[in-house]
Amino acid sequence: EEMLFAAFKELLHDYPQAKLVLAPRKPARVNEITEMAKKYDFSVGYRKALQNTPPLERVSNKVVLLDTIGELGRIYAIGDIIYVGGSLVAHGGHNMLEPAAHGKAMIVGPHMFNFKETYSLFTAANACITVADQHQLAAAMLKLAGDKDLNAAMSRAALEVVYRNCGASERTVKYLQMLLDGESIHGKTLNYAINNATSRNITIEEGRNTRQGEALKLYFI
C-alpha cells in the first residue's frame, strides 16, 4: 500500500480529480491502511459507511476502502485503471481474470507466480503493463490516464483473451468424464501398476490390467 499511495500521489499532480478504490485482501487491515493513508494526507471513506452517505459527501474522499466481502468483482467495473495487487511484493499476485472480464487496462508488479498462466496470456496480448516499483507504477498510471487510445487497446486485448479462453472449465470436466468412463484418447486400455507401493495401500484385483477409468477413480480417491 505504501508504494500504491506514493504512486497515486504522483498521479494527482496531473489528475487532481482521481480517486483510489482500494480492496484489502484482509478486511481486518482496514485500520492499518487508514493510518497509512493519513501519512499521505488522503481522506478515507469506507464502503459500508458510504452506502448511507449522501452523494455529495461521498466524493470528498480521495481514497475509498472496501471493508466488505465479495464486492470486488463488481467494483472493478468502475475503474479506469486497475492495479492488481500482491505483485509488487513477493505474494504472487491476485486474479487478473475479474478486471479483464470488465475490459480494464491492468497494471501488475513482477511477482505474479501464483497466476503464471493467466499472466502469460495477458502479457502476450499486451493487455497489461508490468512495473517493478512505485515510480514505474506511477508512470504507467499516468500513461494510461493520458493515452485513451492505449487504454482502449489494452481493454479490447483483455476482453479478447477472456473470450478466447471461455469454456475451459467445461471442456476440462468433459475430458475428465471421458477418462473416468474409460474412454482413453487412444481408445485402448492402459496398464497401471496398482499395488501397495504405488497407490498408498489402495489395492485392486489384477491391478496391472486396470482400465483407465478405474485407475483414475483410484487416483482421485
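Here, every reference points to the structure presented above.
These lines cover the structure that appears in this document, whether it is placed above or below. None of the values given here were measured: they were computed from a predicted structure.

### A short note on the overall build of the chain
A tally of helices and strands in the chain yields 11 helices and 6 strands. Residues counted as buried form 37% of the 221 residues belonging to the chain. The long-range share in the chain, meaning contacts at least 24 apart out of those at least 6 apart in sequence, stands at 51%. Surface exposure of the chain reaches about 13700 Å², of which carbon and sulfur atoms provide 53%.

### Examining the sheet that holds strand β4 (residues 82-84)
With parallel pairing, 3 strands are arranged side by side in an open sheet as β4-β5-β6. Because the sheet does not close on itself, it has two edges, and the strands there are β4 and β6 (128-130). Geometrically, the sheet is characterised by an average inter-axis angle of 25° between neighbouring strands, direction not taken into account. As judged from the 3 bridges shared by β4 and strand β5 (residues 106-108), these two strands associate in the parallel manner. Counted as the bridge partner of Ile82 is Met106 from β5.

### What about the pattern of salt bridges?
The tally for this structure, following the rule as stated, stands at 5 salt bridges. Across the salt bridge formed by Glu1 and Arg29, the nearest N and O atoms sit 2.9 Å from each other. Here the residue Glu1 occupies a position in the segment before α1 (2-14), and Arg29 occupies one in the loop between β1 (20-22) and α2 (30-39), the gap between them amounting to 28 residues. Judged by relative accessible area, which is 32%, Glu1 ranks as partly exposed. A salt bridge links Glu71 to Arg47; the nearest nitrogen and oxygen atoms lie 2.9 Å apart. Taken together, the residues span a long stretch of sequence, with Glu71 in the loop between β3 (63-65) and α5 (72-75) and Arg47 in helix α3 (residues 47-50) at a distance of 24 residues. We classify Arg47 as partly exposed; its relative accessible area is 28%.

### A few points about the packing of aromatic side chains
Scanning the model with the defined rule gives 4 aromatic pairs in all. For the pair Phe5 and Tyr40, a centre-to-centre distance of 5.9 Å together with 40° between the ring planes defines the contact as tilted. Of the two residues, Phe5 is situated in helix α1 and Tyr40 in the loop between α2 and β2 (44-46); the sequence distance between them amounts to 35 residues. Of the two residues, Phe5 and Tyr40, neither departs from the other in class, the shared state being buried. Here a set of aromatic residues connected by ring pairs shows up, and it is made of Phe5, Phe8, Tyr40 and Phe42.

### Quick notes on the nonpolar core
In this structure, Phe5, Phe8, Phe42, Val63 and Leu137 are the most contacted members of the largest nonpolar core, which totals 29 residues. Secondary structure elements with two or more residues in this core: α1, β1, α2, β3 and α8 (134-146). At 7 residues, α1 tops the list of elements feeding residues into this core. Here Val63 is in contact with Phe5, Phe8, Leu20, Phe42, Ser43, Val44 and Gly45, once residues within four sequence places are set aside. Counting residues in hydrophobic clusters, the runner-up holds 16 residues, among them Met106, Val108, Met112 and Tyr119.

### Observations regarding the side chain of Lys104
Following the sequence through the fold, Lys104 ends up in the loop between α6 (97-101) and β5. No salt bridge is formed by the buried Lys104. Its closest oppositely charged neighbour is Asp80, at 5.6 Å. At a separation of 3.0 Å, a polar atom in the side chain of Lys104 contacts the main-chain carbonyl oxygen of Ala77. With residues near it in sequence (within four places) discarded, Lys104 still touches Tyr76, Ala77, Gly79, Ile82, Pro99, Ser155 and Ala158.

Reading the values: the criteria
Residues numbered from 1 in each chain as written. Predicted model: local features only at pLDDT ≥ 70, side-chain atom pairs only at ≥ 80, totals over all residues. Heavy atoms only, no water. Helix = DSSP H or I, 4+ residues; strand = E, 2+ residues; numbered from the N terminus. Buried < 20%, exposed > 50% of the residue type's maximum accessible area, 1.4 Å probe, protein only. Contact = heavy atoms within 4.5 Å. Areas by Shrake-Rupley, 256 points an atom, 1.4 Å probe, with all protein chains shown as cover. Pairing = 2+ DSSP bridges. Axes fitted to C-alpha atoms, helices over the stretch in contact; angles between N-to-C directions. Salt bridge = Lys/Arg side-chain N within 4 Å of Asp/Glu carboxyl O. Phe/Tyr/Trp six-rings, centres within 6.5 Å; stacked < 30°, edge-to-face > 60°. Core = buried A, V, L, I, M, F, W, Y, C linked by side-chain atoms within 4.5 Å. Lys, Arg positive; Asp, Glu negative; His and termini not counted. Polar contact = N/O pair within 3.5 Å; in protein donor to acceptor, adjacent residues only side chain to side chain.

These results come straight from atomic positions and should not be treated as a statement about function.
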